[in-house]
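# Examination of the molecular architecture
One letter stands for each residue in the lines below.
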Amino acid sequence: MFGVLSARRPPLGAFVLGLAFGFGWTPCIGPVLGAILTVSALSSTAAAGIVLLAVYSLGLGVPFLLSAVFADHLMQRLKSMRRLGRTLQVGAGGVMVAMGIAMITATITAFSLWLLENVPTLARIG
């Protein structure tokens, strides 16, 4: 059904890809997991820590499971969008360059403050 294990794609390739993801995500996941483990250790009951870690695990795992379930559908959609590929690449590159310039010039900080002042709902997120 999902074509995960096939003769053309040995499981070793999936393992290496998993290692690459783990290596790349460590700076992002580590501090969040560390904070959750700290809060869990300081909570009054073990159940509170279990709930925190369970929700964290669901938030990390469910998107991957959904990606696997909808991979075939996504591949069909991407084939239909292939003609837009170059335009999307150039657009994404432009956004990355603009964000880099905004970070270097500290404009992104001013923009963040402007957003928080003009869209107060954003202050309640996270």
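Okay, so let's go over this structure. (Residues numbered from 1 in each chain as written. Predicted model: local features only at pLDDT ≥ 70, side-chain atom pairs only at ≥ 80, totals over all residues. Heavy atoms only, no water.)

## As for the packing of helix α1 (residues 11-42) against helix α2 (residues 46-69)
- Direction vectors running N to C along α1 and α2 enclose 155°, while the axes themselves pass 8 Å from each other. The angle between the axes of α1 and α2 places the two elements in the roughly antiparallel class. Once α1 is placed against α2, the crossing between them reads as right-handed. In this structure, α1 uses Trp 25, Ile 29, Val 32, Leu 33, Ile 36, Leu 37, Val 39 and Ser 40 to contact α2, whose residues at the interface are Gly 49, Leu 52, Leu 53, Tyr 56, Leu 60 and Phe 64. (Axes fitted to C-alpha atoms, helices over the stretch in contact; angles between N-to-C directions. Helix = DSSP H or I, 4+ residues; strand = E, 2+ residues; numbered from the N terminus. Parallel < 35°, antiparallel > 145°, perpendicular 65-115°, else oblique. Left-handed = near helix turned anticlockwise from the far one by under 90°. Contact = heavy atoms within 4.5 Å.)

## So, the packing of aromatic side chains
- Enumeration according to the criterion identifies 3 aromatic pairs in this entry.
- With a centroid separation of 5.4 Å and an interplanar angle of 45°, the aromatic rings of Trp 25 and Phe 64 are classed as tilted. Of this pair, Trp 25 sits in helix α1 while Phe 64 sits in helix α2, and the two are 39 residues apart along the sequence.
- What makes Trp 25 partly exposed here is its relative accessible area of 32%.
- Look at Phe 64 and you get partly exposed, because its relative accessible area is 42%. (Phe/Tyr/Trp six-rings, centres within 6.5 Å; stacked < 30°, edge-to-face > 60°. Buried < 20%, exposed > 50% of the residue type's maximum accessible area, 1.4 Å probe, protein only.)

## Some words on a nonpolar patch on the surface
- A surface patch of nonpolar side chains, amounting to about 540 Å² of accessible area, comprises Leu 74, Met 75, Leu 78, Met 81, Leu 84 and Leu 88.
- The dominant element in the nonpolar patch, judged by the number of residues it contributes, is helix α3 (residues 71-80), at 3 residues.
- By the secondary structure assignment, Leu 74 is in helix α3.
- Its relative accessible area of 47% is what places Leu 74 among the partly exposed residues. (Patch = residues over 30% accessible without salt bridge, like charges linked within 9 Å, V, L, I, M, F, W, Y side chains within 5 Å. Areas by Shrake-Rupley, 256 points an atom, 1.4 Å probe, with all protein chains shown as cover. Salt bridge = Lys/Arg side-chain N within 4 Å of Asp/Glu carboxyl O.)

Purely geometric numbers; function is a separate question.
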